[in-house]
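# Summary of structural features
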Amino acid sequence: EMNRTELTLQELYQSEANILANIELYINLFVRNLRPTVTNDESHGLFRNIEEIVVANRALKQNLDNAAGQGVEASANAILQSLPIFESYVDYCNNYSQMMNILTTLKDTNANFYNSLKEIESDGRVRGLTMECFVKMPVQRIYRYPLLLKDLVENNPNVPDFNQSLETIKELIGRIDP
């Protein structure tokens, strides 16, 4: 039977795999197909640094993969080593409302964009989710880490890397505009 720490690490890993799959889907379907329908400025405003976000999630999943079966300290260290590149989340989250405004404007004013978007949203791979859902996923994700880490800290008071990871993620979130 799995203990609390193993369950939390499993949840972290599984949810990391899920967010990664979703962001990769977003990039492959939405970003790649919609970019040609907008200006460079609109593209930057709408998609921000989503390619950096996916790099961060990929690194965390890879580091957790490498630490699997090597004990709690290895997993704790894997998380801590991954966090510096989560810096990219700050810029993304701070521009979330701007991204949503640009999306609304483009849907209203750019027929080419709108038609391409509707086609993508009807693709079975997006499972009925709208572009808005995908844009919001990284914002929701960053706020999930402190909850998982708090759980790991409480159940592993002798593993300093969990505590340091929690402090690091809280510091990042502290720089996101409320």
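Within every chain, residues take consecutive numbers counted from 1 along the sequence as written. Under the rules for a predicted model, residues below a pLDDT of 70 receive no local features and side-chain atom pairs below 80 are neither given nor counted, while totals for whole chains, interfaces and linings still include all residues. As a rule here, side-chain values cover all heavy atoms of the structure and leave hydrogens and water aside.

## Re the layout of surface pockets
A pocket here means an open set of points on a 1 Å grid, computed over the protein atoms alone, that has protein on both sides within 12 Å along at least five of seven lines. A cavity is instead a set of points where a 1.4 Å probe fits but cannot get out; residues with an atom within 4 Å of a point line either one. Grid points are joined across faces, edges and corners, and a volume is the space filled by probe spheres set on the points. Estimated volume of the largest pocket: approximately 280 Å³. Around the largest pocket, the lining is made up of 15 residues, and of these L9, A67, A68, G69 and S75 lie nearest the centre. Residue assignment for the lining of the largest pocket shows that the elements contributing at least two residues are α1 (4–34), α3 (50–67) and α4 (72–82). By the criteria applied, helices consist of DSSP H or I runs no shorter than four residues and strands consist of E runs no shorter than two, each listed in order from the N terminus. The element best represented in the lining of the largest pocket is α1, accounting for 5 residues. Along the lines of polarity and charge, the residues of the lining of the largest pocket split into 6 nonpolar, 7 polar and 2 charged. Side-chain classes are defined by residue name, with Ala, Val, Leu, Ile, Met, Phe, Trp, Tyr, Cys and Pro counting as nonpolar, Asp, Glu, Lys and Arg as charged, and the others, Gly among them, as polar.

## A short note on the pattern of salt bridges
For salt bridges, the criterion is a side-chain nitrogen of Lys or Arg within 4 Å of an Asp or Glu carboxyl oxygen. In this structure the tally under the stated criterion is 13 salt bridges. The shortest N-O distance in the salt bridge between E24 and R58 comes to 3.0 Å. On the criterion of sequence distance, the pair formed by E24 in helix α1 and R58 in helix α3 is long-range, its members being 34 residues apart. Counted as one network, the salt bridges with shared partners bring together E87, E171 and R175.

## Re the environment of K170
With respect to the element layout, K170 can be found in helix α10 (residues 160–174). Partly exposed describes any residue whose relative accessible area lies between the buried limit of under 20% and the exposed limit of over 50%, with all areas from a 1.4 Å probe on protein chains only and scaled to the type maximum. By relative accessible area, K170 is classed as partly exposed at 45%. Along the backbone, K170 and G69 are 101 residues apart, and their C-alpha atoms lie at a distance of 27 Å.

## Description of the state of the cysteines
Note on terminology: pairs of cysteine sulfur atoms within 2.5 Å are recorded as disulfides. Tallying each qualifying case throughout the model produces 0 disulfides. Cysteine C93 shares no disulfide, and the gap to the nearest cysteine sulfur, in C133, comes to 16 Å. You can call C93 buried: its relative accessible area is 9%. The partly exposed category is assigned to C133, whose relative accessible area is 32%.

## A look at the environment of V90
Take V90: it is sitting in helix α5 (residues 88–94). Separated by 49 residues in sequence, V90 and V139 place their C-alpha atoms 9.2 Å apart. Dropping the residues within four chain positions of it, V90 is found in contact with L172, R175 and I176. In what follows, residue pairs with any heavy atoms lying within 4.5 Å of each other are defined as contacts.

## As for α3
The span one expects for a helix is its residue count, reduced by one, times 1.5 Å. Taking 1.5 Å of rise per residue, 18 residues should cover 26 Å, and α3 covers 26 Å from first to last C-alpha, within 8% of that figure. For α3, the complete set of buried residues consists of I50, I53, V54, A56, N57, L60, L64 and A67. Seen from one end, α3 has its buried residues packed into an arc of 165°, which puts them on one side. Buried-residue contacts for α3 involve α1, α2 (40–47), α4, α5, α8 (131–142) and α9 (144–155). At the C-terminal side of α3, G69 shows a positive phi close to 80°. The arc in question is formed by the directions pointing from the helix axis toward the C-beta atoms.

## Comments concerning the nonpolar core
We define the nonpolar core as a collection of buried residues of types Ala, Val, Leu, Ile, Met, Phe, Trp, Tyr and Cys that are connected through side-chain atoms lying within 4.5 Å of one another. Ranked by size, the top nonpolar core spans 59 residues in total, and within it F30, I79 and M131 carry the most contacts. Here the element with the most residues in this core is α1; it accounts for 12 residues. Other than its neighbours up to four places away in sequence, F30 contacts L25, R35, F47, L117, I120, E121, V126, M131 and F134.

## Details of α2
Those residues of α2 that sit buried are S43, G45, L46 and F47. Turning to α2, the residues buried within the fold contact α1, α3, α5, α6 (96–109), α7 (111–121) and α8. Looking at the residues trailing α2, positive phi occurs at R48, about 45°.

## Description of the packing of aromatic side chains
Whether two aromatic rings pair depends on their centres lying within 6.5 Å, for rings of Phe, Tyr and Trp, where Trp uses its six-membered ring; planes under 30 degrees apart make the pair stacked, over 60 edge-to-face, and the rest tilted. The full count for this structure, using the stated rule, is 6 aromatic pairs. An angle of 10° between the planes, with centres 5.3 Å apart, marks the rings of F86 and Y89 as stacked. Take F86 and Y89: they sit in the same class, and that class is buried. Their ring planes at 85° and their centres at 5.4 Å tell us that F86 and Y145 sit as a pair that is edge-to-face. Residue F86 is located in the loop between α4 and α5, and its partner Y145 is located in helix α9; the two are separated by 59 residues in the primary sequence. By relative accessible area, which is 4% here, Y145 ends up buried.

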